[in-house]
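Breakdown of the fold
Each chain, written out:
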Amino acid sequence: MATTRILYTTTATATGGRDGRARTDDGFEVVLGTAKELGGNGQGHNPEQLFASGYAACFLGALKFVAAQGQHAKVPADATVEATVGIGPRADKGFGLAVRLKVSLPGVDRDAAEALVAEADTICPYSHAIRGNIAVELGVA
């Protein structure tokens, strides 16, 4: 495993599980609620929404980082990353996740966009964290 030189840390504390609250040490707070599809009332935000938001933002940051290295196309200002996170029971035990990332790079040639996405996937920390553990489908819109 590669060594990581940590530049930033944050701490979040959850209470009440999927129907509770989570708060970071610097004041970000979110009310949590179980999705209707999982037996909840759908009130509040669920961990999958938070994971999808974080992964989408982080992957877009990775795209911009890769582009700034000058080996790939520039990332247009209206670029987007749509992260879809699914949860369901595993065949063996417990629950598992699946992720689909759809990247939109308006005005960028498809081959160049696919190369940029592939390279970003090699440096994004979310991609590193889940590689080999969660099925991830990458796509260019």
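None of these values were measured; they are calculated from a predicted model.

Looking at the sheet that holds strand E4 (residues 80-89)
Here we have three strands laid out as an open sheet, ordered E4-E5-E6, and mixed in their pairing. Edge strands, defined here as strands with exactly one partner in the open sheet, are E4 and strand E6 (135-140). On average, adjacent strands in this sheet sit at an angle of 15° to one another, irrespective of strand direction. Relative to strand E5 (residues 95-104), E4 runs antiparallel, the two being bridged by 10 bridges. If you follow glycine 86 over to E5, its bridge partner there is alanine 98. On top of the sheet, helix H1 (residues 47-68) reaches E4, E5 and E6; it is set at about 145° to E4, its chief contact. Most of the contacts of helix H2 (residues 110-123) go to E6, to which it runs at about 150°, and overall it touches E5 and E6.

A look at the state of the cysteines
Note on terminology: disulfide describes a covalent bond linking the sulfur atoms of two cysteines. Here the structure, examined in full by the defined rule, presents zero disulfides. The cysteine cysteine 58 is free of any disulfide, with cysteine 124 supplying the nearest cysteine sulfur at 3.7 Å.

Quick word on the pattern of salt bridges
When their charged atoms lie close together, side chains carrying opposite charge are able to pair. Tallied over the entire structure, the rule returns seven salt bridges. Here glutamate 29 and arginine 23 are joined by a salt bridge, their closest N and O atoms 3.5 Å apart. Accessibility expressed as a relative area gives 40% for glutamate 29, which makes it partly exposed. A relative accessible area of 43% places arginine 23 in the partly exposed class. With a shortest N-O distance of 3.2 Å, arginine 110 and glutamate 114 are connected by a salt bridge. Of this pair, arginine 110 and glutamate 114 both sit in helix H2, four residues apart, which is roughly one turn of that helix. Of the residues examined, arginine 110 reaches a relative accessible area of 44% and is grouped as partly exposed. Look at the salt bridges and you will find they share partners, linking Arg21, Arg23 and Glu29 into a network.

Thoughts on the layout of surface pockets
Roughly 160 Å³ of internal volume is contained in the largest pocket. In terms of lining, the largest pocket is formed by Ala35, Glu37, Leu38, Asn46, Glu48, Gln49, Ala52, Val85, Gly86 and Ile87. Within the residue set of the lining of the largest pocket, elements represented by two or more residues are H1 and E4. Lining the lining of the largest pocket are residues from two domains, each supplying at least three of them: domain 1 (1-45) and domain 2 (46-140).

Digging into H1
The end-to-end C-alpha distance of H1, which contains 22 residues, comes to 31 Å, matching closely the 32 Å that a straight helix rising 1.5 Å per residue would cover. Where the residues of H1 are buried, they touch E4, E5, H2, helix H3 (125-130) and E6. The opening residue of H1 is asparagine 46, an N-cap whose side-chain oxygen sits 3.0 Å from the backbone nitrogen of glutamate 48. Positive phi shows up at glycine 70, right after H1, with a value of about 85°.

Considering the domain arrangement of the protein chain
Each assigned domain of the protein chain is listed with its residue range as follows: domain 1 (1-45) and domain 2 (46-140). Centre-to-centre separation of domain 1 and domain 2, based on C-alpha positions: 20 Å. Contact with domain 2 buries area across many residues of domain 1, yet Arg18, Leu38 and His45 alone supply 67% of it, more than any other trio. On the surface where domain 1 and domain 2 come into contact, there are one salt bridge. A salt bridge links glutamate 48 to arginine 18, with the nearest nitrogen and oxygen atoms 2.6 Å apart. If you look at where domain 1 meets domain 2, you find one residue pair in polar contact (both at pLDDT 80 or more). Across the side of domain 1 that touches domain 2, the residue classes break down as four nonpolar, three polar and one charged.

Scoring rules and cut-offs
Residues numbered from 1 in each chain as written. Predicted model: local features only at pLDDT ≥ 70, side-chain atom pairs only at ≥ 80, totals over all residues. Heavy atoms only, no water. Pairing = 2+ DSSP bridges. Helix = DSSP H or I, 4+ residues; strand = E, 2+ residues; numbered from the N terminus. Axes fitted to C-alpha atoms, helices over the stretch in contact; angles between N-to-C directions. Contact = heavy atoms within 4.5 Å. Disulfide = S-S within 2.5 Å. Salt bridge = Lys/Arg side-chain N within 4 Å of Asp/Glu carboxyl O. Buried < 20%, exposed > 50% of the residue type's maximum accessible area, 1.4 Å probe, protein only. 1 Å grid on protein atoms, 1.4 Å probe; cavity = no way out; pocket = protein on both sides within 12 Å on 5 of 7 lines; lining within 4 Å. Points joined across faces, edges and corners; volume = space filled by probe spheres on them. Domains from an automatic or database assignment. Expected span 1.5 Å × (residues − 1). Polar contact = N/O pair within 3.5 Å; in protein donor to acceptor, adjacent residues only side chain to side chain. Buried area = accessible area lost by both parts, 1.4 Å probe. Nonpolar A, V, L, I, M, F, W, Y, C, P; charged D, E, K, R; others polar.

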